[in-house]
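Coordinate inspection notes
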Amino acid sequence: MKPLILIPAFIMLLAFSCSAQKKIAAKDAAIHTGESVMICDKVYSTEVVSGSNTTLLYLGSETGEYLTVVVKGPENPKFKWHPETDFKGRAVCVTGKVVDYKGKSAIYVTEPAQLKLDMVDNAVHPALKVQRQ
């Protein structure tokens, strides 16, 4: 009997995993606040907030009007690349929960696996081999 119970649970887990990865554009982030999504769009500009070493990536517009990807200072040492330079002008995909950051939609990135180049729109990027110094 146990295998019959596990199969529906596995199917439910699989369905939940797929729904958590709904792929959307940055301009649609606000209507998905509170949801876990994958947002793929161009990084138009970047900023490192002085004093906190927090890195901000603005997707979909120069000002972060649509989505700001936030990498807090304490998380930066986890990354082997420099998102503020390596991803500027490139198409990326970020996964996570859409939240409010200073009145705008944002995703907080705490693990490198949450932020990747969108390989549909980019060739292999040599910056991914750059080691943090």
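See the structure above.
Everything numeric here is computed off the predicted structure, so don't read it as measured data.

1. Remarks on the pattern of salt bridges
Evaluation of the coordinates by the stated rule reveals two salt bridges. With a closest N to O distance of 3.6 Å, Lys-27 and Asp-28 form a salt bridge. Overall, Lys-27 belongs to the exposed group, its relative accessible area being 56%.

2. Notes on the pairing of strand β2 (residues 36-49)
Here strand β1 (residues 22-24) runs beside β2; their pairing, made up of three bridges, is parallel. For Lys-23, the partnering residue across the bridge sits in β2 and is Met-38. Inspection of the sheet shows β2 paired to strand β5 (residues 91-97) by seven bridges, in the antiparallel sense. When the bridges of β5 are listed, Cys-40 appears paired with Cys-93. Pairing between β2 and strand β3 (residues 54-59): six bridges, direction antiparallel.

3. Observations regarding the side chain of Thr-46
With respect to the helices and strands, Thr-46 occurs in strand β2. Polar side-chain contacts of Thr-46 include one of 2.8 Å to the backbone oxygen of Glu-84.

4. Thoughts on the packing of aromatic side chains
Here the structure, examined in full by the defined rule, presents one aromatic pair. Taking 6.1 Å as the distance between ring centres and 80 degrees as the angle between the ring planes, the aromatic pair formed by Tyr-101 and Tyr-108 counts as edge-to-face. Overall, the relative accessible area of 33% leaves Tyr-108 in the partly exposed class.

5. Comments concerning unusual backbone geometry
The backbone of Asn-53 sits at a positive phi, close to 60 degrees, despite the residue not being glycine. For Asn-53, the location among the structural elements is in the loop between β2 and β3. A relative accessible area of 43% means that Asn-53 is categorised as partly exposed. Positive phi outside glycine occurs at Lys-102, with the angle close to 55 degrees.

6. Description of the nonpolar core
Membership of the largest hydrophobic core comes to 21 residues, with the highest contact counts inside it found for Ile-39, Leu-59, Leu-67, Phe-87, Val-94 and Leu-115. Contributing elements (two or more residues each) for this core: β2, β3, β4 (67-71), β5 and β8 (115-117). Non-local contacts of Leu-115, meaning those with residues more than four positions away in its chain, are made with Leu-57, Trp-81, Pro-83, Phe-87, Val-92, Cys-93, Val-94 and Val-109. One finds Tyr-58, Val-70, Tyr-101 and Ala-106 within the second-largest nonpolar core, a separate group that totals five residues.

Definitions and limits used
Residues numbered from 1 in each chain as written. Predicted model: local features only at pLDDT ≥ 70, side-chain atom pairs only at ≥ 80, totals over all residues. Heavy atoms only, no water. Salt bridge = Lys/Arg side-chain N within 4 Å of Asp/Glu carboxyl O. Buried < 20%, exposed > 50% of the residue type's maximum accessible area, 1.4 Å probe, protein only. Pairing = 2+ DSSP bridges. Helix = DSSP H or I, 4+ residues; strand = E, 2+ residues; numbered from the N terminus. Polar contact = N/O pair within 3.5 Å; in protein donor to acceptor, adjacent residues only side chain to side chain. Phe/Tyr/Trp six-rings, centres within 6.5 Å; stacked < 30°, edge-to-face > 60°. Core = buried A, V, L, I, M, F, W, Y, C linked by side-chain atoms within 4.5 Å. Contact = heavy atoms within 4.5 Å.

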